[in-house]
Amino acid sequence: MEIRIKDLNKNYFSEGKTITALSNVNLTIPANKIFTLLGPSGCGKTTLLRCIVGLEMPDTGEIDIGDEIVWSKDRGIFVPPEKRGLSMVFQTYAIWPHMNVFDNVAYPLQVRNQSKEEIKKKVEETLRFVQLEGFENRPATKLSGGQQQRVALARALAPEPKVILFDEPLSNLDAKLREETRKELRSFLTNLKITAVYVTHDRIEALSLSDAIAVMKAGKIMEIGTPKEIYFGSEQKFVADFVGRTNLIQGKVVSIENDGPLISTAIGTIACQTQTAPPVGSIVTVSIRPEFITVTTRDCGKERNSFRGRVESLVFIGEAYEGEIRVGETRLITKIAPTASIKEGDEISLCVEPDGCSILLR
Amino acid sequence: MVWTRTALTPSLIVIVGFLTVCPVVMLLLGSFSEGLGAFGTFTLEKYIKSYTDPALIEIIVNTIVFMIGSALVATILALFMAYLNTRTNIPFKVLFQIISIVPMMIPHILFAVSWALLLNPSNGLINLLLKQIFNLQHSPFNIYSLPGMILVEGLLDLPVSYLIIAPAMSSFDVSLEESSKVCGSSNLRTLCKITLPVLRPAILASITLVAIRSLESFAVPSALGMPGRIYLLSTHIYRIIATGFAADYGMAAAVGMSALAASVTLILLYRHLTSESDKYVTISGRGYRPALIDLRGAKVPLFIIVALLSFFLIVLPVLVLLYTSLVPYSMVPSLKAFGMMSWKHWLAVLKDPVSLLSLKNSLFLGVVGATLGVILTLFISYTIVKLRTPASGILESLSFLSFSFPGIVIGVGFMWFFVRTPLYATIGSLLIGYIATYLPYGIRPLTSAFVQIHRDLEESSRVCGGGTFYTLRRIIVPLLIPGIVSAWILMATMFVRELSVSVVLSRPGNEVLAVQILRFAEDGLWGKLSALGIMMILVSTTLVVLASAAGAKLTKLRKEG
């Protein structure tokens, strides 16, 4: 089901101060896609999720889920969470400690007054789906973090909802388990025809899991797009910086060539390949991701986008070296293959393909 | 949750405010009044009269010696036991758990009386025995003395002290000790130079809490102090209102004010110390167990000491009461004594209308009082933990302060109030007095139960489709049941044995068990006293067993939906 959010505003009052949690949010979450709300903590992403599910009431606006209006300030509609027919996986999992695994998963079905046999069948099916067969009678508190996470997922999936909401569900798992669970979750969700809204502050989680991402900041939606669009094509400094490490270089557009603008910066002239070029004379920021910078001890082979610099520091981080290169007064971060024979202090060339540069307007 | 939040906090503040502030204000006003009948006419006479009494100095000195003495006895014993339990390989560790819980079930008045039965100078069983064996002219021991009172009060407060010291001891970072040993110190030196100093906040907290309890204590001073004419503040107040021709509630209030001031000061000190101890005592990581010290040769002797201590704390008092209730008069256990055993005292108690009435009243107060108390504290704890408005802070402080109120002083304060109402000399006055005095005992288990219920647990039930009422029934209530049961048990057992509020508020017509036992003790009717005492223990135990069973059953039912 599609979720449409119109003109949503939400303010909190705490100790005499007003805190804006959501500011004029307009958003359409497409049906049967994994949609992620990404942003730093306190950006309002969890508040937005809680408004969708009905645990929080916005100050203004309207929320439609499918054909139903679940919240409308103007029409005075508020459908309570238990009547919205959604499912949610909480950050804390919210596994009820006084029930065993079966009872936890059966709960939403019992609420819906389904027959005992049907409940038993569905719980078994769901537990098999999340690979927790045979755990039915285990007390919920006697499970590991990853298993509790899957019980929470099973409980959310059991009533076969049309929409499922996730509030940072992986943040309590350790790094390795988080990676595995992320992949599992992706395959679970793509196998089901289901609309998933996923909240996280982890950019890798957002990029690898989502069909579409909305980046949020201070209660506002900054940008919406596919992971690739967000990562490579963002026009905003905040978004480009938030979704991955990048080098931001200030400059001025000096001319527009056939395939894009030329920008004069402190490290030299950078050629960018973009579709929407700002007019000549405008001040812009160029973003170059570390993985698009090739470092070589020889020449780049062509003159365009080739810069000379000195290796300031090299840190081995496993799959690569992270190098800090100084070009004039500017420091650039790069990724260097672990096999490269480069030492700190070396004079090297930096080569950048024009399609690896993007121009940030805001 | 469903409760309307706007009306809840103010009405709770009114109720709790009434329960805690009313007796204090009435006490204050009363202390400046002529007498119960002449309330409101200002006079300083009562203060002058009570504080120029030459006997008061001795009473205050006695009280301070008693407080410090029992605090030291309880804390040193608790340190010894906690160290053995958490840090050494002493056998039968389950014994330590029994010691820390079971003595709370034995009413203080009975514990004190059982020691009087053993060690009183005229016919205490141990004294009689020693006189027979060694052919002595005089009794070697006299429990009716300040050291005797200190010993018994110290033993009574040992569980409380243990419950403060043992957790601190087990969360102690063992590497502090290990580094001392690496530096070449012996176990003993490490204990004195490292372990005890690091535990200082917990030790001070234990000393303060036991001092508060012995300041409030009425059972031991009345059962052991009054026969030997050793008066403490609490028994002094009791003497002013309960003996002689004219009970002087004005003077009792004037004396009570200083007892109240002392205990409020101590409870604030206690609160300060416990917040300090959170800062200082190092808590180590998860699943961490300190290395146990091998006691080797000392294992058996130390275990015998602990076993004897538990015998004195738990088995002996009950045995003595049982024995005394069956023999016709105090005599050393012998074939002859066993031959003369009968149910005479039991039958006498069961035929005594006042004893029966007190049994009925205490049972009523235990069941109804605990139920009302739990309902009230349920709302209070919900407000403190879940609503967290600025007003709920007032609630927390109010109910915490009432923890320090000495029962007899609160009783006097309430007396000034009730005498003006139709509640005077009714069971209702006791009910209100009890709930006011023991409110914190219900709040403690229930706040921790509410803390356990994370907001997400409620919300996820609602997202799953459970409405407010469904969520309350299937999620919140089942999670609260253990807390409700332990709060109910705590309050019910406290109410069945309640003495210090009751000695003031209990009048002919609303007698309760502990007061009736005190009357028997004053009249030297040991046989009847013991029979009634055993009945009292049976009543409390039955309530505990029934409540636990009900809790277990409810939890099971709720789980199955």
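Since the structure is predicted, the reported quantities are computational estimates derived from the model, not experimental observations.

Participant: Please explain the overall build of chain B as it appears in this structure.
Facilitator: When you go through chain B residue by residue, the secondary structure sums to 25 helices and zero strands. Computed over C-alpha atoms, the radius of gyration of chain B comes to 25 Å, within 12% of the 24 Å expected from 2.2 N^0.38 for 561 residues, which places it in the range of a compact globule. Projected onto its principal axes, the C-alpha positions of chain B cover 75 × 70 × 50 Å. Taken across its 561 residues, chain B has 47% of its residues classed as buried.

Participant: Help me understand the overall build of chain A in this model?
Facilitator: Of regular secondary structure, chain A possesses eight helices and 21 strands. Dimensions of chain A, computed from the C-alpha atoms along their principal axes, are close to 75 × 50 × 45 Å. When each of the 362 residues of chain A is scored for burial, the buried share is 41%. Long-range pairs, those at least 24 residues apart, make up 65% of the contacts in chain A between residues at least 6 apart in sequence.

Participant: Where do I start with the interface of chain A and chain B in this structure?
Facilitator: Where interface size is given, it is often the accessible area lost as the parts come together that is meant. Listed per partner, the contact involves 20 residues of chain A and 18 residues of chain B. Secondary-structure elements contributing two or more residues to the side of chain A that touches chain B are strand 7 (87-89) and helix 2 (101-111) of chain A. With five residues, helix 2 of chain A is the single largest residue contributor to the side of chain A that touches chain B. Residues belonging to the side of chain A that touches chain B are distributed by class as follows: twelve nonpolar, four polar and four charged.

Participant: What's the story with the environment of Glu 291 of chain A in this structure? I'm lost.
Facilitator: All names here are of chain A. Mapped onto the secondary structure, Glu 291 falls in the loop between strand 15 (283-288) and strand 16 (293-296). Overall, the presence of 13 C-beta atoms within 10 Å leaves Glu 291 in the partly exposed class. Taking C-alpha positions, Glu 291 is 9.7 Å from Val 352, a pair spaced 61 residues apart along the chain.

Participant: What should I look at first to understand the nonpolar core in this one?
Facilitator: For soluble globular proteins, nonpolar side chains are generally found buried alongside one another. Counting 233 residues, the largest nonpolar core has Ala 112, Ile 165, Val 412 and Met 491 of chain B as the members making the most contacts within it. If one sorts the elements of this core by residue count, helix 22 (residues 468-497) of chain B sits on top with 16 residues. In this view, Ala 112 of chain B contacts Val 152, Ala 219, Val 220, Ala 223 and Leu 224 of chain B; residues no more than four positions away in its chain are not counted. Membership of the second largest hydrophobic core comes to 22 residues, among which are Ile 270, Cys 272, Leu 332 and Cys 351 of chain A.

Participant: Help me out: how do you make sense of the domain arrangement of chain A in this one?
Facilitator: Per the domain assignment, the segments of chain A are domain 1 (3-237) and domain 2 (245-360). Facing five residues of domain 1 of chain A, the contacting portion of domain 2 of chain A comprises four residues.

Participant: Quick question: what am I supposed to make of the sheet that holds strand 3 (residues 34-38) of chain A here?
Facilitator: Each strand in a sheet pairs with another by means of backbone hydrogen bonds, the pair being arranged parallel or else antiparallel. Residue and element names in this part refer to chain A. Read across the open sheet, the six strands follow the order 7-8-9-3-10-11; overall the sheet is mixed. Of all strands in the sheet, those bounded by a partner on one side alone are strand 7 and strand 11 (220-225). Mean inter-strand twist for the sheet, computed between neighbouring axes without regard to direction, equals 20°. Relative to strand 10 (residues 212-217), strand 3 runs parallel, the two sharing four bridges.

Participant: Is there a simple way to think about the pairing of strand 5 (residues 68-72) of chain A in this case?
Facilitator: In regular strands, side chains alternate between the two faces of the sheet. Residues and elements named next belong to chain A. Of the pairings in the sheet, the one linking strand 4 (residues 60-65) to strand 5 comprises four bridges and is antiparallel in character. By the bridge assignment, Ile 65 is partnered in strand 5 with Glu 68. Where strand 4 folds back onto strand 5 in an antiparallel hairpin, the turn is made up of two residues, including Gly 66, whose phi is positive at roughly 60°. One ladder, built from two bridges, connects strand 5 with strand 6 (residues 77-78); its direction is antiparallel. The residue of strand 6 that forms the bridge with Ser 72 is Ile 77.

Participant: I would appreciate a short explanation of the sheet that holds strand 20 (residues 347-352) of chain A in the present structure.
Facilitator: All names here are of chain A. Ordered in space as 16-20-17-18-19, the five strands form an open sheet in which the pairing is antiparallel. This sheet does not close on itself; its edge strands, each paired only once, are strand 16 and strand 19 (330-336). Each strand of the sheet is rotated relative to its neighbour by a mean of 45°, with strand direction disregarded. Here seven bridges tie strand 18 (residues 321-327) to strand 19, and the two strands are oriented antiparallel to one another. When the sheet's bridge partners are listed, Glu 322 is paired in strand 19 with Lys 335.

Participant: Hey, could you run me through the packing of helix 8 (residues 174-182) of chain B against helix 9 (residues 187-198) of chain B in this one?
Facilitator: Each pair of packed helices can be described by the angle between their axes along with the distance between the axes. All names here are of chain B. Running from amino to carboxyl end, helix 8 crosses helix 9 at an angle of 160°, the nearest separation of the two axes being 10 Å. Taken together, the axes of helix 8 and helix 9 are roughly antiparallel relative to one another. Between helix 8 and helix 9 lies a crossing of right-handed hand. On helix 9, the residues touching Leu 176, Glu 177, Ser 180 and Lys 181 of helix 8 are Thr 190, Lys 193, Ile 194, Thr 195 and Val 198. Looking at the contact of helix 8 with helix 9 residue by residue, the classes come out as three nonpolar, three polar and three charged.

Participant: Explain the domain arrangement of chain B here, please?
Facilitator: Residues and elements named next belong to chain B. Here the domain parsing of chain B yields domain 1 (1-30 + 344-561) and domain 2 (55-342). With centres defined by C-alpha atoms, the gap from domain 1 to domain 2 works out at 25 Å. Contacts between the two partners involve 38 residues from domain 1, matched on the other side by 39 residues from domain 2. Within the residue set of the side of domain 1 that touches domain 2, elements represented by two or more residues are helix 1 (5-31), helix 16 (344-351), helix 19 (407-418), helix 22, helix 23 (502-505), helix 24 (513-523) and helix 25 (526-560).

Participant: Would you mind going over the environment of Val 315 of chain B with me for this structure?
Facilitator: Residues and elements named next belong to chain B. Looking at the secondary structure, you find Val 315 in helix 14 (residues 299-326). In this structure Val 315 comes out as exposed when scored by C-beta crowding, with 11 C-beta atoms within 10 Å. For the pair Val 315 and Ala 521, spaced 206 residues apart in the sequence, the C-alpha separation amounts to 21 Å.

Participant: Honestly, helix 14 of chain B in this entry has me stumped. Any pointers?
Facilitator: Residues lying three or four places apart along an α-helix face the same way, a consequence of the helix completing one turn every 3.6 residues. Between the first and last C-alpha of helix 14 of chain B there are 38 Å, a value that for 28 residues agrees with the 40 Å anticipated at 1.5 Å per step. Of all the bends found along helix 14 of chain B, the most pronounced is centred on Val 315 of chain B and spans about 45°, while Pro 317 of chain B, a proline, follows it within four residues.

Participant: Quick question: what am I supposed to make of the environment of Val 73 of chain B here?
Facilitator: Residues and elements named next belong to chain B. Following the sequence through the fold, Val 73 ends up in helix 3 (residues 55-87). By C-beta crowding, Val 73 is classed as buried, having 23 other C-beta atoms within 10 Å. Residues Val 73 and Pro 406, 333 residues apart in the sequence, show an inter-C-alpha distance of 21 Å. The contacts of Val 73, once residues within four sequence positions are left out, are Ile 150, Leu 151 and Gly 154.

Participant: Quick question: what am I supposed to make of unusual backbone geometry here?
Facilitator: Phi is mostly negative for residues that are not glycine, and the peptide bonds are mostly trans. Residues and elements named next belong to chain A. Even without being a glycine, Tyr 93 presents a positive backbone phi close to 70°. Counting through the fold element by element, Tyr 93 comes out in the loop between strand 7 and helix 2. A count of 25 C-beta atoms within 10 Å places Tyr 93 in the buried class. Here the phi dihedral of Glu 168 falls at roughly 40°; this positive angle occurs in a residue that is not glycine. Residue placement: Glu 168 occurs in the loop between strand 8 (163-167) and helix 5 (175-191). Looking at Glu 168, the number of C-beta atoms within 10 Å reads 20, which means it is buried.

Scoring rules and cut-offs
- Residues numbered from 1 in each chain as written.
- Chains lettered and ligands numbered in written order.
- Predicted model: local features only at pLDDT ≥ 70, side-chain atom pairs only at ≥ 80, totals over all residues.
- Helix = DSSP H or I, 4+ residues; strand = E, 2+ residues; numbered from the N terminus.
- Rg over C-alpha atoms; globule rule 2.2 N^0.38 Å.
- Buried ≥ 20, exposed ≤ 12 C-beta atoms within 10 Å, placed from the backbone.
- Contact = placed C-beta atoms within 7 Å.
- Nonpolar A, V, L, I, M, F, W, Y, C, P; charged D, E, K, R; others polar.
- Core = buried A, V, L, I, M, F, W, Y, C linked by C-beta atoms within 7 Å.
- Domains from an automatic or database assignment.
- Pairing = 2+ DSSP bridges.
- Axes fitted to C-alpha atoms, helices over the stretch in contact; angles between N-to-C directions.
- Parallel < 35°, antiparallel > 145°, perpendicular 65-115°, else oblique.
- Left-handed = near helix turned anticlockwise from the far one by under 90°.
- Expected span 1.5 Å × (residues − 1).
- Bend = angle between axes of the 7 residues up to and from the residue.

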